[in-house]
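# Architecture at a glance
This is what each chain is made of:
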Amino acid sequence: MIEDDFVTVNGLQIQPTLSDGTSAILYAKIVSAQGVTTFSNNIIAGVLSGSGSAYGIYAIAGTVKAWNNIIYNLNTNSSTGIYNNVSATSYVYNNTLFNCYTSLTRSSGEIIAKNNLIASTTDPYSGTFSAGTDYNATDINDTPGVGSNNRTNQIFKFASASGDFHLAANDTGAVGYGADPFPDDDPLGHWSLDENPA
C-alpha cells in the first residue's frame, strides 16, 4: 500500500501468486486530496488459481497517473487490471492489458482512459468513464461508452507469443491509431498505442 502524497513507482516487475483471497498489487491511498501517485513502466504478471483474485493497480484517493504499464494474466473471477474507487481521479494512458477478467473498472471517482490496448479479456471496461476517454482498442465488441475513436474487434499482432507485448511492425489493429493526451503540454513526448513497435 502507498499511503503518501507524492510517490512515483517506476519500472517494477511483479508476479502475484494467489490461490485464495483478494490482493491489490499496487494500491494508492493518498493522504491529501492534492496528492499524486504515478505508476509507470511496470509489469504485473499474475499467477492466479482457485478463488484467488487481484487488482493490478487500485486507486482509492487523490490523483493517480498510470501510464505505460503492462498488466496480464489477472484472469480469475473479479480480478481487474486497473480499478478506480472512492474519490480517486485516475489518468490511465498507454497501458497494455492482456488476459484479465476485467481490464479497466470505475466503481466510483473519475477515470479518464486513453490509448489503452486491451486483448484476450472477458470484460474490457466496467463502469462509467469520464469525458476525455478515447482512442482505446480491444479485440472484442466493447467500448468504454465515451469517445468516438475507440477501436473494437481488432486483431493485434504482438512481437512474440512469449510475453513481449510490443506490437509487431505489421500490426494493423493499434499501431498509428493513438492520440496525444497532452497536445499542448507533454513532457513525456509523443504518445501512441505502441511507442516502439518491434
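Preceding this paragraph is the structure being described.
Residues numbered from 1 in each chain as written. Predicted model: local features only at pLDDT ≥ 70, side-chain atom pairs only at ≥ 80, totals over all residues. Heavy atoms only, no water.

Scanning the chain from terminus to terminus reveals zero helices and 18 strands. Within the chain, the proportion of its 198 residues that are buried is 49%. Expressed as a percentage of contacts within the chain between residues at least 6 apart in sequence, the contacts between residues at least 24 apart total 53%. As presented, the chain carries roughly 8,800 Å² of accessible surface, and 46% of it is formed by carbon and sulfur atoms. (Helix = DSSP H or I, 4+ residues; strand = E, 2+ residues; numbered from the N terminus. Buried < 20%, exposed > 50% of the residue type's maximum accessible area, 1.4 Å probe, protein only. Contact = heavy atoms within 4.5 Å. Areas by Shrake-Rupley, 256 points an atom, 1.4 Å probe, with all protein chains shown as cover.)

Pairing is parallel in the open sheet, where six strands are placed in the order E2-E6-E10-E13-E16-E18. Two strands lie at the open edges of the sheet, namely strand E2 (13–14) and strand E18 (137–138), each paired on one side alone. The pairing of strand E6 (residues 43–45) with strand E10 (residues 70–72) spans three bridges and is classified as parallel. Bridge pairing in E10 places Ile 43 opposite Ile 70. (Pairing = 2+ DSSP bridges.)

Attention now moves to the packing of aromatic side chains. Considering all chains together, one arrives at ten aromatic pairs under this definition. Taken together through their ring pairs, the aromatic side chains of Tyr 27, Tyr 55, Tyr 58 and Tyr 83 make up a single cluster. Here Arg 151 stacks its cationic end above the ring of Tyr 177, 3.5 Å away from the centre of that ring. (Phe/Tyr/Trp six-rings, centres within 6.5 Å; stacked < 30°, edge-to-face > 60°. Lys NZ or Arg CZ within 6 Å of the ring centre and 35° of its normal.)

This next bit is on the side chain of Asn 42. Take Asn 42: it is sitting in the loop between strand E5 (36–40) and E6. Exposure remark for Asn 42: the relative accessible area of 1% places this residue in the buried category. Residue contacts for Asn 42: discarding those within four places in its chain leaves Val 9, Asn 10, Gly 11, Leu 12, Leu 26, Asn 68, Asn 69 and Ile 70.

From the geometry alone we can't say anything about function, so treat these as descriptive.
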